[in-house]
Amino acid sequence: LQFLYFIGGVMKGGDGHDSQEAGAPYAGTPQNSPRTKRMSIAGEAAASPPDGRYAYLGAPEMTNKQYCNNEFISSMYTWYNFLPKVLLNQFSLVSNQYFGLNVVIALIPGVSPITPATAVLPLLIVLGTALYMEGTEDFQRHKADAKDNSAPVYVLVGKEWVKMSATDVKVGDLLRIEKSHDSHSLKADVLVVSSSDDDGQVYVETSQLDGETSVKFKKAVRETQILNTIEEFTENRGKLKVLMDSPVKDLYKWQGSARWIFPDGSESAPFNLDVENTIWRSSSIRRTDWVVGLVLYTGRQTKMGLNMEHKPRSANILDSRLNIAVLAIFIIKNIIMIILCALSVSWSADHEDDWYLEEFLGGYSSFETFGLNYLTWFILLSFMIPISLFVTVRFCLRIQIRLMATDQEMMHWMLGAGEEGAPGWVGCKPKTSYKNLELADVKYIFSDKTGTLTENKMTYVGGAVPSAADATKWIGGGVTDPTLNPLADLKITNPHDLLTSNPKVDPRNRLMATIVLCNTVVPMSDDSDPNLIAYEGTSPDEVALVYAAKKYGVAMVKRTTSSITVRVAGQEITYTVLSVLEFSSNRKMMSIILKTPSDELILLTKGADEHEGLGQGMFVRIDASAEDEKIPKGFINTEEGDEAAVECLKELWNQAPFGVDGPTLQYQNSVQICKDSLQGYGRKGWRTLVFGWKKITPEWFNIWNEDFKNIRTATMALQGPNRDHRKEEIEDAAKLSMERELEMGGLIAYEDMLQDQVPETIKFFLDADVGVWMLTGDKLETAIEIAKSCNLAKSTGLLYEAHFAKGSASPSTIKRDTAEAQAAKMLGELRELVDSHGDNEVTLASDEATLTAFLGDDLRQDFLDVSQRLRSAVCARLTPKMKGTIVKSCMNSPHLKGTVLAIGDGGNDVTMINEAHVGIGIIGIEGRAAELASDYAIPRFKHLTRLLTVHGKYSRYRTAMCVGYSFYKNIVLSLCQVYFAVFSGYSAMTIFDSWLLAVINTVFTGAPPFFMGCFEKDLHEEPLTHPVTGPILYKNQRDDNLYMNMMSALMWVGTALLHSVFVFWFWYPTMARDDFDEDNGRTSDLNAQGTALITGVILVTIAKVITHIRHHTCLQFGSIVFSYVFYLCFLVVYGSISMFCFPFSVCETHFYGIHVILLSSSKFYLYCLFIGFGVPYITDVAGLYVQKQWFPTFIDLVQHNEFYPKHSDWPICCCADTPHNNAAMTEIETLSDLGKDPAELKAKKTFTNPELAPEIDDQEWTRGCSLGFNQSTSNVSISSSKGSVRRKASHSAVTPTLHTELDGSIRCPLRSPHSTLRELYGEPFINKTPPPSLAPPPPPAPPLVKTTSKVPTFAL
């Protein structure tokens, strides 16, 4: 019904929207609409549109007519293309093409052995399901689009603000947005013309665009903020021409210019516009009464529209393996068909003289017989590939991600997570279901540091400032005592001393001024109490530092686009903002130029100490030597199209007032002290910032400001795919002409604490042989200390630092050939270290410059080979682009066996998240950029363990069971038909009824595999996440490709072959003798025999589900009962249809009375009992018993503990599987008591426990070796036919590690003999406390409330 409503809705609206509701003029604009009225009141005659993209103030009729309308469409289909597009997408799948071919062949007269309608029905079910799913999803998008497009907006028409729908808005319109409106979010990208604020400032929230809930401020340029009244807007209609960039996706990049048009047609000098003067669609205004904006972009050309592209589904493990399975079955099917067709030709030749076969065999050549039989068998054996599988798997994957989203163990209480910013629970947010299986196959994890491993809640801890009297003497902390705080005892009595160039003033004042003034933080005061000030900003670092400054007596109280007001010593002082040089990843710094109340012009700068990029860090900018910086080499080389911008840049640098003196000894000593202090902070894991300042002259500022505007205007003419990067590069070079020859202002340190359970999580994955790489932009020393604190690098382990700073040359001055030589040398040392200590033992610590050399053409392959053997890596000073490069290089490694996962929380992590196989976003406080780009989003890093080990493993196991079972039951059915061919002349005559064949997969046996794919578990959750068993289980399933390897596939096929033999040949004597017991003397026909066989197929396939289910739920039990009951009811109803009762029935009536024949036969009941109960126990149960008792795996040990707690003293002693998937394990005392015979093995090697080492020699331990731990006496015993050792051992002692070899080929470390499952877990897992519920917790630190229910809740 919903699908039909969708079709009706899209047909009514023309494009999926209701015309009257949305106000969208699909069939033409009515004559009395506001648009018609407005166009008739044009202030001036329309001018011909100029070249380029222009907009005229309030005059859309003067604007270029090629711009799109403002109809926002996020839906994928319309009423006229829905059916063809969905069908085209469905038939792009190989499986649907295969079944489509079946339908075509089935419609050929005389070819199909079954009713053609039964071949069409399964395909229609698959396509209908796809149409329903696509239609319902797109219908919701249409409803959202209709609501968005019909939202009211206020447009200036004539001399009044007219309310109209958003779809009527055009480029050049003037919109008025008021906070009092019901919907105060913008419906177009606009240029801020003016606002209710005197300075033209606007507070906006962009959470619907980038997920950031912090308030940002935009501003109107001074040339337009004077326009406030309707009369002023009407008078200047069409007199302001705005030149703008072409539409681009980047939310933070935009540039334009504007000119006033005079009455004589001449134009004023252009004034620049940037992204601070714009508000994008879907932004909401805050703390501003009204805003007037000029529409720049509409509809799909807005930032929101450009970023709403549907991300194509990438290739995944499931698709590739399903394709391989389908291809394998198709090849096997063709082999069987060729053999059967050849036998058919031979049989026909032998019986061509039989008179009763002349009608069927006469007139056909051998080639024609072969071809016709091939087509017939193609239809008949099409059931070997289950058509319902692909729909079933798709539904199962969707329910699996629903289980992830509702998992209470993966929820976290977060501020701002509820409605309207209230606290609330945040859980996992899956974005795709096609990568569920890849979660269980992760080999490498690339993680960001700040906000991912840490809390991203900064705390100021200390700093250092050079003394005013002697720059070599510093005030505050350093190498000796980093915790000293230079601001603790700071007292500012005169507010004007906060920021001044007077050398007699305490230099700590300028440090405090830089902290408070050089940022993008916005103070938000409470209307009821102005003294209550909260700070909001996009950077948690800046917010934390501003709060620290407030704590020490300097508070920012007001900020506008032109001034900043701070409160010092009880007085307020205002600084005029002349220019803000925003932070960029190339420069790694930010600056602000202020005018003090004493009319001094001072530049304040903060940034990283050193980095490999434009500007090279604060130490270079503070350097007094200017000889190498007059022309920034490598950054202003002329490229095609940027000649004008580069000439302006060169002219700016030529006019810069450079110094002529080299660096003084005092300066060198000061910088060296600063570097030493930074190292002291880094060793504590603290993050640092270096501050600088200088006084500038008004003359130089005027020159620089004018030239900088000219450069920005010139960069608008840049063209080409590298346009944005080149424009940013030129503008950054212009900023650096101001940011040089700075005075050392000091440095500060702030701390970012680790998230809870981060060390345990990282250790878990390292134990599971998962390589963990930390990619961060912080200092290398800080990154190393964080790595040690979170178990990424062993504090006493092998850590190899590879960076150019180890040599004599610095990263910024080293030549390319020298860099390659040093990189090759370091790579050789790293390889030797790995060779000497073994794999998974060494941790690499490096920076971007060194990694760039490693990933060069000459060293790339050698580095990738060595990196596969590392335990972990710490990569510092990385740009977002370099993060993506490292991840991409690892994915392209020929030795990679597994999935690459990238996890981050900020916009700088989006590149590596998009590059990885699986992208994980942390739901944090740095916005939603990483969350929106990810495949799965989780609240905390610790939840990654559960996502991968529990949901990843369950998804793999459930999907493997669903897929394997679906192929199994179809192979059983098809092989029965192949067996029957022996008795039908290989003629492809079907023994089964056509309608039973059509619905057996979708109805009779479709429910059990579906619920297995949704809820089945091979293990409970506790051992999967336990730090001892969890890593072993995860490693084994990844390395052995558990449940989806060739052995598993052969087991399914072999079981299907064995069960088909039982099903057919056990009933064959009854078919051969035709001895149904009937009182009336009537014999059965082929329909009765075939129905008995298909009943056996249904019984044995469902019985296999019963024997293999480990996690029993009411839904799985109900699906089994439903299959039995529905089949019986169908049999009775179908057998009751006759041409006399239903003369117009579309069903065939030859099945009439079949159910009476079967249900009245005792042989049929005996057959059902044997097939339904005997065969599963003869084959499956017996096989499982033998495998688990004589060839147990590690999973079998854990499963044994779950159900047999009395015998749970089995130690965790096996890690690796043999090629036959049998774990190498030693016999232990409890197993010996039970009479179990362990596998043949040889155990040798020494123990790491010094207490046991003297009594263990290198003798060979042969069959009969036993290993045990007596909990009552705490005795460790190791015994064999050659001797025994029994020693007292405590749990806290260093536990022994035994290494075993199986046939001299497999080696695996054995866990401690006293680490038994019972000891690790106590009671069996099945009696563990269930997951917590989500009861609303009490503030301020609400805990999860436990429930008493033993059945986990599930909500669909």
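See above for the structure.
Everything numeric in this text was worked out from a predicted model, so none of it was measured.

Caption draft 1: Structural detail: the packing of aromatic side chains. Summed over all chains, the structure comprises 42 aromatic pairs. For the ring pair Phe 1010 and Phe 1011, a centre distance of 5.0 Å and an interplane angle of 75° mean the geometry is edge-to-face. Every member of this aromatic cluster is reached through a ring pair, and the members are Phe 1004, Phe 1122, Phe 1126, Tyr 1127, Phe 1130 and Tyr 1134. Sitting over the ring of Tyr 67, Arg 53 keeps its end group 4.0 Å from the ring centre. Lying across the ring of Tyr 968, Lys 1104 places its NZ or CZ 5.4 Å from the centre.

Caption draft 2: Quick look at the sheet that holds strand S32 (residues 872-876). Taken together, nine strands build an open sheet; the order of strands is S16-S35-S34-S33-S17-S29-S32-S31-S30 and the sheet is mixed. A single partner strand is all that each edge strand has here, and the edge strands are strand S16 (429-430) and strand S30 (798-802). Here S30 runs beside strand S31 (residues 842-847); their pairing, made up of five bridges, is parallel. When the sheet's bridge partners are listed, Leu 798 is paired in S31 with Val 842.

Caption draft 3: The pattern of salt bridges, seen in detail. Using the criterion set out here, one finds 39 salt bridges in the structure. When the shortest N-O distance is used, the salt bridge between Glu 455 and Arg 940 registers 2.7 Å. Of this pair, Glu 455 sits in strand S18 (residues 454-466) while Arg 940 sits in the loop between strand S35 (936-938) and helix H29 (943-981), and the two are 485 residues apart along the sequence. We classify Glu 455 as partly exposed; its relative accessible area is 22%. Note on Arg 940: relative accessible area 10%, which makes it buried.

Caption draft 4: Structural context of the environment of Ala 1072. Of note, Ala 1072 is situated in helix H34 (residues 1046-1073). Judged by relative accessible area, which is 52%, Ala 1072 ranks as exposed. Along the primary structure Ala 1072 and Phe 983 are separated by 89 residues, whereas in three dimensions their C-alpha atoms are 9.7 Å apart.

Caption draft 5: Representation of helix H38 (residues 1162-1190) in the model. For H38, with 29 residues, the first-to-last C-alpha span of 40 Å sits near the 42 Å given by 1.5 Å per residue. Roughly 40° is the biggest bend found in H38, and it falls at Tyr 1177. Within the sequence span of H38, burial applies to Phe 1164, Tyr 1167, Cys 1168, Ile 1171, Gly 1172, Gly 1174, Val 1175, Pro 1176, Thr 1179 and Asp 1180. Looking at the buried residues of H38, the elements they touch are H34, helix H35 (1086-1108) and helix H37 (1154-1159).

Caption draft 6: Quick peek at empty space enclosed by the protein. Inspection of the entire model under this criterion finds 11 cavities of 30 Å³ or more. When its volume is computed, the largest cavity comes out at roughly 180 Å³. Around the largest cavity, the lining comprises 17 residues; the ones closest to its centre are Phe 99, Ala 119, Pro 122, Ser 382 and Phe 383. Secondary structure elements with two or more residues in the lining of the largest cavity: helix H5 (94-106), helix H6 (116-149) and helix H30 (994-1004). In terms of residue count, H6 provides more of the lining of the largest cavity than any other element does, four residues in total.

Caption draft 7: Region of interest: unusual backbone geometry. In this structure, Asn 791 is a non-glycine residue whose phi angle is positive, near 70°. Inspection of the secondary structure puts Asn 791 in the loop between helix H22 (780-789) and S30. Positive phi is not limited to glycine here, since Tyr 986 has a value of about 55°. Inspection of the secondary structure puts Tyr 986 in the loop between H29 and H30. Under the relative-accessibility criterion, Tyr 986 is labelled buried at 17%.

Caption draft 8: Broad picture of a nonpolar patch on the surface. On the surface, a cluster of nonpolar side chains totalling about 450 Å² of accessible area is made up of Leu 327, Ile 331, Ile 335, Ile 339 and Leu 343. Along the chain, Leu 327 falls in helix H10 (residues 317-350).

Caption draft 9: The side chain of Lys 449, seen in detail. Relative to the elements of secondary structure, Lys 449 occurs in the loop between strand S17 (442-447) and S18. Judged by its relative accessible area of 1%, Lys 449 is buried. In this structure the side chain of Lys 449 is engaged in a polar contact, spanning 3.4 Å, whose partner is the side chain of Thr 450. Engagement of the side chain of Lys 449 in a polar contact is seen with the side chain of Asp 778, the distance being 2.7 Å. Setting aside residues no more than four positions away along its own chain, Lys 449 makes contact with Thr 454, Arg 687, Met 774, Leu 775, Thr 776, Asp 778 and Ile 786.

Caption draft 10: Structural detail: the sheet that holds strand S8 (residues 240-244). Sheet architecture is open: four strands sit in the order S1-S8-S9-S10, paired in antiparallel fashion. The outermost strands of the open sheet, each flanked by one partner alone, are strand S1 (54-56) and strand S10 (271-274). In this sheet, adjacent strand axes meet at a mean angle of 25° when their direction is disregarded. Relative to S8, S1 runs antiparallel, the two sharing three bridges.

Caption draft 11: Representation of the pairing of S31 within the structure. Where burial is concerned, most of S31 is hidden: six out of the six residues are buried. Both S31 and S32 contribute to a ladder of five bridges, which runs parallel. Its bridge partner lying in S32, Ser 846 is registered against Cys 875.

Caption draft 12: The packing of H35 against H38, seen in detail. Contact geometry of H35 with H38 gives a least axis separation of 9 Å together with a crossing angle of 35°. The crossing of H35 and H38 is right-handed. Along its contact with H35, which presents Ala 1092, Leu 1093, Thr 1095, Gly 1096, Leu 1099, Val 1100, Ala 1103, Lys 1104, Thr 1107 and His 1108, the element H38 presents Phe 1164, Tyr 1167, Cys 1168, Ile 1171, Gly 1172, Val 1175, Pro 1176, Asp 1180, Val 1181 and Leu 1184. When its residues are assigned to classes, the contact of H35 with H38 shows 13 nonpolar, five polar and two charged.

The rules we used
Residues numbered from 1 in each chain as written. Predicted model: local features only at pLDDT ≥ 70, side-chain atom pairs only at ≥ 80, totals over all residues. Heavy atoms only, no water. Phe/Tyr/Trp six-rings, centres within 6.5 Å; stacked < 30°, edge-to-face > 60°. Lys NZ or Arg CZ within 6 Å of the ring centre and 35° of its normal. Pairing = 2+ DSSP bridges. Helix = DSSP H or I, 4+ residues; strand = E, 2+ residues; numbered from the N terminus. Salt bridge = Lys/Arg side-chain N within 4 Å of Asp/Glu carboxyl O. Buried < 20%, exposed > 50% of the residue type's maximum accessible area, 1.4 Å probe, protein only. Expected span 1.5 Å × (residues − 1). Bend = angle between axes of the 7 residues up to and from the residue. Contact = heavy atoms within 4.5 Å. 1 Å grid on protein atoms, 1.4 Å probe; cavity = no way out; pocket = protein on both sides within 12 Å on 5 of 7 lines; lining within 4 Å. Points joined across faces, edges and corners; volume = space filled by probe spheres on them. Patch = residues over 30% accessible without salt bridge, like charges linked within 9 Å, V, L, I, M, F, W, Y side chains within 5 Å. Areas by Shrake-Rupley, 256 points an atom, 1.4 Å probe, with all protein chains shown as cover. Polar contact = N/O pair within 3.5 Å; in protein donor to acceptor, adjacent residues only side chain to side chain. Axes fitted to C-alpha atoms, helices over the stretch in contact; angles between N-to-C directions. Left-handed = near helix turned anticlockwise from the far one by under 90°. Nonpolar A, V, L, I, M, F, W, Y, C, P; charged D, E, K, R; others polar.

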